[in-house]
Number of protein chains: 2
Amino acid sequence: MNETLTLWTGNVLSEWVDYNGHMNDAEYARVFSNAVDALMEHIELDEAGRQHHQYTLFTLENHIKYLAEAHQGAPLQASILILDRDAKRVHLWVELKDDSNQLLATSEQMIMGMSNETRRPAPFPLIVEEKLANMPHASFNQWPKGSNTLIGIRRKNQ
Amino acid sequence: MNETLTLWTGNVLSEWVDYNGHMNDAEYARVFSNAVDALMEHIELDEAGRQHHQYTLFTLENHIKYLAEAHQGAPLQASILILDRDAKRVHLWVELKDDSNQLLATSEQMIMGMSNETRRPAPFPLIVEEKLANMPHASFNQWPKGSNTLIGIRRKNQ
């Protein structure tokens, strides 16, 4: 079991509930995006940091797995674990849980650091690199169940 | 090149643009969710159909790849291709393009048919099955570039 860093908490708003009577799939993506915004604050890439470093993060890819329904008002918490990173990229794992610690969804994201001056990928500023280094990491053989899997219908005779 | 079925069109709304000056990652997920809602209308699972059949669709998994930025006002179109399906599941490919046919993002989704009576997976109603069968399909060896790939940082010496 990996330690994760909880960076976002909230509740399922009434406007997030769809015709199926549960939190809409796109609102899960919104919550995972909010968690990455909270991560940016944590690594000093809030608005002031983005301005200071002329630097931001772009999302390249996001794999969301929907594991349980969330209903109106339910407390939510999103916590983050770093699966991998290099000088410009972070491969993130985000867990969304309710207040009974039930896993509602996971999001696996590839994030790219970008220079606002060149609008091209660029290495993380030093302070950002340091902040990332101090976050929880999982080595490859400890990656969480369900991470880095292919999507597809598995048939019993295959 | 596979034929796809365009089911949703729109424009990038001003409220979808974030601090990076482009359409926010979660709004791409919203558009892909809208495309699946349009698919539900197409296969007679709009509100009346859901009520009639006591049946709906849940999203199990969604892999989004962000390929190009979209800016305020840009025209968008989402088109759908079926990669695989069985009696209860559809493995979808959704392409989001601008009006110059540039691919902005792709979404690969696993969708599960659900009985509203049992709240359990259940086979598609006959009319839904027929409508799905008449949509564009790609056989496995024709799956689009970028579909069904693992997420991760690829290093040059690996």
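For chain A, the name recorded in an unreviewed UniProt entry is Thioesterase, with Shouchella lehensis G1 as its organism.

1. Examining the relation of the copies chain B and chain A
Superposition of the two copies of the chain requires a rotation about an axis together with a shift along that axis. Of the transformation placing chain B onto chain A, the axial shift is 0.0 Å and the rotation is 180°, giving an RMSD of 0.0 Å. The superposition operator between the copies reduces to a two-fold rotation axis. For chain B, the smallest separation between a C-alpha atom and the rotation axis is recorded for H63 of chain B, amounting to 2.1 Å. Interface overlap between copies: 100% of the residues of chain B at the interface are likewise at the interface in chain A, consistent with a symmetric, same-surface contact.

2. Let's talk about the interface of chain B and chain A
Each partner contributes residues to the interface: chain B has 42 residues there, and chain A has 42 residues. The contact between chain B and chain A buries some 4000 Å² in all, and 49% of this surface belongs to carbon and sulfur atoms. Among the residues of chain B in contact with chain A, Y19, I151 and I153 of chain B are the three that bury the most area, contributing 19% of the side total. Taken together, the links from chain B to chain A amount to six salt bridges.

3. Thoughts on helix α1 (residues 25–42) of chain B
All names here are of chain B. Taking 1.5 Å per residue, 18 residues should reach 26 Å; α1 reaches 26 Å between its end C-alpha atoms and fits that length. In terms of residue burial, α1 counts as a mostly covered element, since 14 of its 18 residues are buried. Backbone nitrogen of A26 and a side-chain oxygen of the N-cap are separated by 3.0 Å at the start of α1; the cap is N24.

4. Quick look at the pairing of strand β2 (residues 55–66) of chain B
The buried count for β2 of chain B comes to eleven of twelve residues, which makes it a mostly enclosed element. Across five bridges, the pairing between strand β2 (residues 55–66) of chain A and β2 of chain B is antiparallel. The residue bridging H63 of chain A from the neighbouring strand is H63 of chain B, located in β2 of chain B. Across eleven bridges, β2 of chain B lies against strand β5 (residues 103–115) of chain B in antiparallel orientation. Within the sheet, the bridge partner assigned to Y55 of chain B lies in β5 of chain B and is S115 of chain B.

5. Here we look at the environment of P121 of chain A
Residue and element names in this part refer to chain A. One can find P121 in the loop between β5 (103–115) and α3 (126–133). Accessibility expressed as a relative area gives 29% for P121, which makes it partly exposed. For the pair P121 and A29, spaced 92 residues apart in the sequence, the C-alpha separation amounts to 24 Å. When sequence neighbours within four positions are dropped, the list of residues in contact with P121 reads K88, M112, G113 and M114.

The rules behind each value
- Residues numbered from 1 in each chain as written.
- Chains lettered and ligands numbered in written order.
- Predicted model: local features only at pLDDT ≥ 70, side-chain atom pairs only at ≥ 80, totals over all residues.
- Heavy atoms only, no water.
- Least-squares fit on C-alpha atoms with pLDDT ≥ 70 in both.
- Contact = heavy atoms within 4.5 Å.
- Buried area = accessible area lost by both parts, 1.4 Å probe.
- Salt bridge = Lys/Arg side-chain N within 4 Å of Asp/Glu carboxyl O.
- Helix = DSSP H or I, 4+ residues; strand = E, 2+ residues; numbered from the N terminus.
- Expected span 1.5 Å × (residues − 1).
- Buried < 20%, exposed > 50% of the residue type's maximum accessible area, 1.4 Å probe, protein only.
- Polar contact = N/O pair within 3.5 Å; in protein donor to acceptor, adjacent residues only side chain to side chain.
- Pairing = 2+ DSSP bridges.

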